[in-house]
Structures are given as C-alpha cells and as structure tokens.
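If you want the building blocks of each chain, they are given just below.
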Amino acid sequence: MLDWVADPQIWIGFLTLVALEIVLGIDNIIFISILAGKLPPEQRDRARVLGLAAALVSRLLLLLGLSWVVQLTEPLFEVFGHEISGRDLILLLGGLFLLGKSVTEIHHNMEAPHDKDGKKPAAVSFTSVILQIMVLDIVFSLDSVITAVGMVDELGVMVAAVVVAVAVMLFASGPISRFVDSHPTIKMLALAFLVLIGVMLVAEGLDQHIPKGYIYFAMAFSVVVELLNIRVRSRNAKKEASASKMK
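Residues numbered from 1 in each chain as written. Predicted model: local features only at pLDDT ≥ 70, side-chain atom pairs only at ≥ 80, totals over all residues. Heavy atoms only, no water.

Trainee: Report on the overall build of the chain, specifying residues and quantitative values.
Mentor: Along the backbone of the chain there are nine helices and two strands. Walking the chain from its N terminus toward its C terminus, one meets helices and strands in the order α-α-α-α-β-β-α-α-α-α-α. Put simply, the chain has 247 residues, and 38% of those count as buried. Considering only intrachain contacts with a sequence separation of at least 6, the fraction spanning at least 24 residues in the chain is 80%. Looking at the chain as shown, the accessible area adds up to about 14,200 Å², and 69% of this sits on carbon and sulfur atoms. (Helix = DSSP H or I, 4+ residues; strand = E, 2+ residues; numbered from the N terminus. Buried < 20%, exposed > 50% of the residue type's maximum accessible area, 1.4 Å probe, protein only. Contact = heavy atoms within 4.5 Å. Areas by Shrake-Rupley, 256 points an atom, 1.4 Å probe, with all protein chains shown as cover.)

Trainee: Tell me what's going on with the pattern of salt bridges, and back it up with residues and numbers.
Mentor: This model, assessed by the stated rule, comprises two salt bridges. Measuring nitrogen to oxygen at the nearest pair gives 2.0 Å for the salt bridge that ties Arg48 to Asp45. Taken as a pair, Arg48 and Asp45 lie in helix 3 (residues 41-64) at a separation of three residues, close to a single helical turn. Given a relative accessible area of 45%, Asp45 falls into the partly exposed group. Note that Arg233 is salt-bridged to Glu226, the shortest N-O span being 2.8 Å. Since its relative accessible area comes to 10%, Glu226 is described here as buried. (Salt bridge = Lys/Arg side-chain N within 4 Å of Asp/Glu carboxyl O.)

Trainee: Quick one: what's the story with the packing of aromatic side chains, residue by residue and with numbers?
Mentor: Under the definition given, this model contains zero aromatic pairs. Positioned above the aromatic ring of Phe126, the side-chain terminus of Arg46 is 4.3 Å from the ring centre. (Phe/Tyr/Trp six-rings, centres within 6.5 Å; stacked < 30°, edge-to-face > 60°. Lys NZ or Arg CZ within 6 Å of the ring centre and 35° of its normal.)

Trainee: For the packing of helix 2 (residues 26-36) against helix 3, give the residues involved together with the corresponding values.
Mentor: A packed helix pair is summarised by two numbers, namely the angle formed by the two axes and the spacing between the axes. Taken N-terminus to C-terminus, the directions of helix 2 and helix 3 make an angle of 145°; their axes are 9 Å apart at the nearest point. Judged by the twist between their axes, the crossing of helix 2 over helix 3 is right-handed. Contacts from Asn28, Ile32 and Ala36 of helix 2 reach helix 3 at Arg44, Ala47, Arg48, Gly51, Leu52, Ala55 and Arg59. Partitioning the contact of helix 2 with helix 3 into residue classes produces five nonpolar, two polar and three charged. (Axes fitted to C-alpha atoms, helices over the stretch in contact; angles between N-to-C directions. Left-handed = near helix turned anticlockwise from the far one by under 90°. Nonpolar A, V, L, I, M, F, W, Y, C, P; charged D, E, K, R; others polar.)

Trainee: Let's hear about the environment of Val139: which residues, and what values?
Mentor: Inspection of the secondary structure puts Val139 in helix 6 (residues 126-151). Those residues within four positions of Val139 in sequence are excluded, and the remaining contacts are Ile90, Leu91, Gly94 and Leu201.

Trainee: Describe in detail the confidence of the model for the chain, supporting the description with residues and values.
Mentor: Averaged over all residues, the pLDDT of the chain is 76; the fraction at 70 or higher stands at 83%. Across the chain, the secondary-structure element scoring lowest on mean pLDDT is helix 4 (residues 66-71), at 62, and the one scoring highest is helix 3, at 82. (pLDDT = per-residue confidence, 0-100.)

Trainee: Explain the nonpolar core to me, and be specific about the residues and the numbers.
Mentor: Counting 42 residues, the largest nonpolar core has Leu98, Phe193, Leu194, Ile197 and Leu201 as the members making the most contacts within it. With six residues, the next largest nonpolar core counts Phe14, Leu17, Val18 and Ala161 among its residues. (Core = buried A, V, L, I, M, F, W, Y, C linked by side-chain atoms within 4.5 Å.)

Trainee: Break down helix 2 for me, with residues and values.
Mentor: With ten of eleven residues buried, helix 2 lies mostly within the body of the structure. Restricting attention to buried positions, one finds in helix 2 the residues Asp27, Asn28, Ile29, Ile30, Phe31, Ile32, Ser33, Ile34, Leu35 and Ala36.

Trainee: Break down a positive patch on the surface for me, citing the residues and quoting the values.
Mentor: A grouping of Arg231, Arg235, Lys238 and Lys239 is seen on the molecular surface, where their side chains present a positively charged patch. By the element assignment, Lys239 lies in helix 9 (residues 212-246). Relative accessible area serves as the criterion here: at 51%, Lys239 is assigned to the exposed category. (Patch = residues over 30% accessible without salt bridge, like charges linked within 9 Å, V, L, I, M, F, W, Y side chains within 5 Å. Lys, Arg positive; Asp, Glu negative; His and termini not counted. Charge placed at Lys NZ, Arg CZ, Asp CG, Glu CD.)

Next comes the structure, spelled out in structure tokens:
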C-alpha cells in the first residue's frame, strides 16, 4: 500500500508538481490581491483566504472528476475550421473576463475616478469580490489540473501537491498583497501581467499555444527593473531629506 513512499520517482514528480502549481498560481495570487485591495482593510485578509480556499476546492473537485476533465478536450463544434471543445470555451470566456477586468482596473487606476462631490466611490461589496475570484479560480484551476494530470499518474500525489501548493500560496498572498498595495507601479505591472495572461488564455482557447515561460520571464524582468527603480527612488528621497535637514 505504501510502496510509493519509498519510490524516488514519486517524490520527484510530487516536488516538481508542487513547484509548477505554485508558478501557475502566481497569476491567481495577483488577481486575488488586486481584487481584495478594493475592499476595506478589515476584510482583505478574509477575502484572500476565501479566494484561495475556493481555488483549492475547485482544483480538488476537478481532480476527483478526472473523467469529466478528459471529456472537456473532446471537440463540441467547429468555428471557421477550428474545433472548439469545452476546455476551449472555458479558456475563452475566462480569458475575456480577465482581459475586461484587468483593463477596467488599469483605467480606474489611471483615471482615479471620483464622484461629483470629489469623494472616492464606495468600496465594492465583499460578495462581488468573492464571486469574481471564484469565476477566475475555475479557469486557473482547469489549467492547473491539466498540468497535474500530464505529469503524475497517482491521484493521491496530485491531491497532495495541490494542497501543499495552495498552502504556500496562502502564506505568500499576504506579503504579496501588501507589497502590491503599497507600490502603485508594481500594481500596474501586475495588472499588465493579468492582461498578458488573459491574452494567453484566449489564444489557448483558439488552439494557439503561447509558452508561459516567455510571459513569466518578461514579467519577472520587469519586476526586477521596477524593484531597482524603487530602491533608487528611496535612496534619493533619503538624500533629499538629509540635505533639507542640513540647510
């Protein structure tokens, strides 16, 4: 029964799958962080926890329904010579939703909307934020589960890897959310990243594969450059503050 515990191949597959699940969950964490940031401060942590809990539940349900997930890849109909499956429809709708949401958030951040009295609009409702998170969780979970099925044969290993990855994401989501909220330029980069993910999901739904490695590398490079800019701005601000004190 427990022969797999001593099998190094199982452990290699488990650790590799955990790493991939965490990488694939980065876009999920960013999306949850940005949506949770629109809530009052006292509700943000609860929104992040519920969002990641929904991600875990949706991934586990998809893993338990592997036969249904496999059927999603079967063509349903054709459009201009392209076969469209259930998976393609989910990716298309999810990608369009993510594109619309990300572009809207970028617009709000650029325009800084106010009402007629000059006051900021009221915060969005907690329920609407959770519902939006759950919609995208289904899309991100489908991608995650398909990756898991392609890498590991043991259902127990898949479930354990997903649980561990979501636990790591849960601990990382708080610091990431606070960092994104406190640095507007990083938030804009995160939204641009979500736009890229939305485009990639739409392309995947149309059977146009875009390697995720290119997108992740481009965003990682942009984040590193912006972190250097933040460091330079902070150092210059300290120099100016010390110079003003000396006058």
